[in-house]
Amino acid sequence: MKRIVLRWMRIRVLLPLMVAVGISAIPAVSAERYSADDLLSMDLEQLANVKVTTLSKREERYMATAGAVFVITSDDIRRSGVRSIPDALRLAPGLQVSQTNANQFQVGIRGQTDFWTDLLLVMVDGRPIYNTTFSGVWWVAQNYPLEEIARIEIVRGPGGAIWGSNAVNGVINIITKKAGASQGLRITAGEGTEETGFGNISYGASSGDVDYRLYAMRETRDGGLSGNGLNDMPDFRRMKQQGFRLDWNASASTKVSLHGDAYQIHSGQYGTWMPNPTVGNASNAQINSLNAFSGKNIVSRVETDIASNVSLKGQLFYDQYKVHTQIIREKKETFDGEFQVDFSDILNQNISVGTNVRRLRSHFNNTPQFQMPTRTTGITSFFINDELALFDGMFRIIGGLKLEKNSYTTWESQPSIRTIVSNDNWAVWASASRTVRTPNDMENGLSWNRKASGWCTPPRVCLVKQTGDGRAKSEHVKSYEVGARLRPTEKSLIELTAFKTIYKGVLDTWQDKSNLATNAATGITYEYLTNVLNGKGDGFEANFRVEAFDELTLKGSYTYLHQVYVDYPVKDGETKWTVLSNKFQDPRSRFHVGLSWDPTKMLEFDANVYFNGPFRDGSVNGNHRLDMRVGIKPIEGLEISFVAQDMMNLKHFENENNSMQYATQQQQRWYMRATYLYK
Amino acid sequence: MRLFLNNNCRILCGCLLALLLSLHPIGSSIAAEKNRAGISDLKAVYVFNFIRFTEWPTSDVHRKGISINVLSEEDVYDRLKNIIAKPVAKGLGLSVQSCEQDRCIRNSSVLYIGESGRQDFKQLLKQLEGEAVLTISDIPGFAEQGGMVEIKYHNKKLTFVVNLQAVKRAGFYISAQLLQLGEIVGRDNE
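A.B. asks: Is there a simple way to explain the overall build of chain A in this structure?
C.D. replies: Within chain A, the secondary structure is distributed over nine helices and 35 strands. What you see for chain A is a C-alpha radius of gyration of 26 Å, in line with the 26 Å of a compact globule of 679 residues. When its C-alpha atoms are laid out on the principal axes, chain A stretches across 90 × 70 × 45 Å. In chain A, buried positions account for 46% of the 679 residues. By sequence separation, contacts in chain A at least 24 residues apart represent 64% of the contacts at least 6 residues apart.

As structure tokens, then:
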């Protein structure tokens, strides 16, 4: 109770302060752009006196963003030759992408990269795709025709003050093209040594003020190789997806969009399975199994200006997915409503307030090995974000606060303060934030039987029951960042960010050894999901992009990460798995260098080199990867690409085995792809 | 844990308070006004104004409306699309399309050529010779090389250049109000 009172006191202190700041700042400048209405009301003489910025609104926002942001454009994706969304993320600085087998990816930002990575908020067009079951992403199920992705926006570092929980180490937002930007009939087809067949078809057209697009895609991917490199493994993937998008310019100031997708995926896996999890009989079998993932979603969004400086945004979505793996069998439905009001240039500030309500219905088909309750949970949140701009917009301070509560937590606050000094050609920024990683479904209801080792002397067979009994609390994370960006010329950009992150209460498994005598007698010990580690991570990220000539672009990045975790408060040597997993999967360094060259108008050449390593433990020391692409455009609308991937290795393991699947070797691979656009 | 939360709150409140105090003394010394625009926003508004101050030689535009084709310039196309939906533009019967190469000439009353259409513009102008199509572009030297109106970026502002010969040859009449604010090339005596 005292805690709640304290929280309310904090809010009561904070809100009047923010309002006071607003009122006191009335004479200050908010360097806003003229709106189209402003410009249309001017006469020609006035127009001739308006100063312009050569940056697009997006570039301007980018230069003035007080955070480590990066945008992977549609053209970056096309020219890199990647065939999946996680592979495209390798193009960004600070992201660690690794592939355990042909269909399982791990993506992490600033550490804790793992299949169970739980510190990222990943969205498609504003719809979160991380699940609240284990706070991670089933990357195998996240697909979209790559040609229809407008860009992928990545925020490294905390975004909790706006986006809320899970946006601890970063936010990835995959943004698809508006229907108006993909008009005509586009057909893509390709085949390769591992990408054994893929294609998609999309049709976009307009009717009055409504633009629409329909698409369907299908892909098959071959499995990897066994450890000895002689056998094909069963980790293939076959996927189908269909969808639509509709954008309606209801009026000059009201935009409505409606989009939806449905997918069906089958993949194979080689992993362990315990058919009979009882004391005396528990044994791990190694089996090939077939996984199925399916889902559908529909999202509607409205944006409207209700006054010249007040705009409203509302979004409703429904999402349903079904996962059927050997271990986890779940159906989850999400109903979500989001509402935001933006006041621009009010009291010379930009203020945004918003709220979000989500309900999730989760149904588990339990197996003897893995059990979770069927239930309905919810998340509710409110946020306020206030931006002050001074000195012709050169100096900005942004304060934000998000209050969030889910079914397992009380109200959690996530404040952040950011400041930036910038103009069109350079920026220096700093930020301090506090975010939370809130407990998930598994930490509140899991019972996962596993075979015991160590304390149980063979030939006796004992069990470890991994248990989520609700003892896990929110993990609190403080982050500090400083960064700079520079545009030495109109067509070049250099960015540098340094960060320090302090984690309190990192989740891990913990075996209660105090009941050793009882455990030995029953043959069962309990392993709890709870907060048992404190950690620190620091490092820096640097990236550049130079359009040296019209026909030559160079880009690249370097990331350095240093992490230290200590077991706290219980120092019994049991809480080592997260630390080990970090050592296996978070490299100290990673870099990427890319080149795009257009020798003639009809010919494109691209090369991208990626490196990550060294890893501090495990059998994988590091990975080199070289991808090359030649693109030919023989006639208008037609593009033919030849792509070679992983050219520096004939075959290699990119990651270790994990608790879900065994790793397989990834092979050197080639494919050919043709795209034809008829308008 | 509570100590951590309170510290954090104190830091945030402290920063906001510092901001509050720092704004008071300097507040009155700086003016509150907007002073710049996105280059594409301004280009689109210029295009709209060029159309407003121009009379077409044929009566077709009165009957069919004015069709604006935009080549190689998505930003300006997006802005124009928004402008033509506004009440101020409704009476002019405007429509706008994004187009590619030769298709740009068809059914066009105004052709806007973006800078990346630099390679094709001379050929397009040749094909348009004698047609009542108002050609506008931000390609440097566009007006000197036969285009009708060139939007020019100079000293962080936008100005424009009108090629009078090209305008008259196509039978357009451009209001003096517009001409007196722009730079003129191709006068009769030049």
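A.B. asks: Honestly, unusual backbone geometry in this entry has me stumped. Any pointers?
C.D. replies: Negative phi is the rule for most residues except glycine; trans is the rule for most peptide bonds. Residue and element names in this part refer to chain A. Following G613, the chain continues into P614 via a peptide bond in cis, with omega recorded as -10°. Relative to the elements of secondary structure, P614 occurs in the loop between strand 30 (603–613) and strand 31 (623–632). In this model, R110 sits at a positive phi of 55°, which is unusual for a non-glycine residue. Inspection of the secondary structure assignment puts R110 in the loop between strand 4 (104–109) and strand 5 (120–124). The class for R110 is buried, based on 28 C-beta atoms found within 10 Å. Although it is not a glycine, D646 sits at a positive phi angle of roughly 55°. Mapped onto the secondary structure, D646 falls in the loop between strand 32 (638–645) and strand 33 (651–652). Judged by the 22 C-beta atoms lying within 10 Å of it, D646 falls in the buried class.

A.B. asks: Explanation requested: the sheet that holds strand 7 (residues 149–156) of chain A in the structure shown.
C.D. replies: Strand pairs in the sheet, formed through backbone hydrogen bonds, run parallel or antiparallel to each other. Residues and elements named next belong to chain A. Pairing is mixed across the open sheet formed by five strands, whose spatial order is 2-7-8-5-6. Since the sheet does not close on itself, it has two edges, and those belong to strand 2 (68–73) and strand 6 (127–128), each with one partner. Both strand 2 and strand 7 contribute to a ladder of six bridges, which runs antiparallel. Residue pairing in the sheet places V69 in a bridge with V155 of strand 7.

A.B. asks: Got a minute to help me understand the environment of P587 of chain A in this structure?
C.D. replies: All names here are of chain A. In this fold, P587 is placed in the loop between helix 9 (577–585) and strand 29 (589–600). Note on P587: 22 C-beta atoms within 10 Å, which makes it buried. Through-space distance from the C-alpha of P587 to that of T559 is 9.4 Å; in sequence the pair is 28 residues apart. When residues no more than four places from it in sequence are discounted, the contact partners of P587 are Q96, N612, G613, P614, F615 and G622.

A.B. asks: How do you make sense of the nonpolar core when you look at a structure like this?
C.D. replies: Buried together is how nonpolar side chains tend to be arranged in soluble globular proteins. Membership of the largest hydrophobic core comes to 71 residues, with the highest contact counts inside it found for A88, L89, L120, I152, I154 and I172 of chain A. Other than its neighbours up to four places away in sequence, L89 of chain A contacts L95, V97, V107, I152 and I172 of chain A. Judged by nonpolar contacts, the second largest core, of 49 residues, contains Y34 of chain A together with A44, F50 and I51 of chain B.

A.B. asks: Just checking my understanding: could you explain helix 9 of chain A for this structure?
C.D. replies: The periodicity of an α-helix, 3.6 residues per turn, causes residues three or four places apart in sequence to face the same way. If you check which residues of helix 9 of chain A are buried, you get T578, V579, S581, N582, F584 and Q585 of chain A. Those residues of helix 9 of chain A hidden inside the fold are in contact with strand 3 (95–101), strand 4, strand 26 (492–511), strand 27 (524–549) and strand 28 (552–567) of chain A.

Conventions and cut-offs
Residues numbered from 1 in each chain as written. Chains lettered and ligands numbered in written order. Predicted model: local features only at pLDDT ≥ 70, side-chain atom pairs only at ≥ 80, totals over all residues. Helix = DSSP H or I, 4+ residues; strand = E, 2+ residues; numbered from the N terminus. Rg over C-alpha atoms; globule rule 2.2 N^0.38 Å. Buried ≥ 20, exposed ≤ 12 C-beta atoms within 10 Å, placed from the backbone. Contact = placed C-beta atoms within 7 Å. Pairing = 2+ DSSP bridges. Core = buried A, V, L, I, M, F, W, Y, C linked by C-beta atoms within 7 Å.

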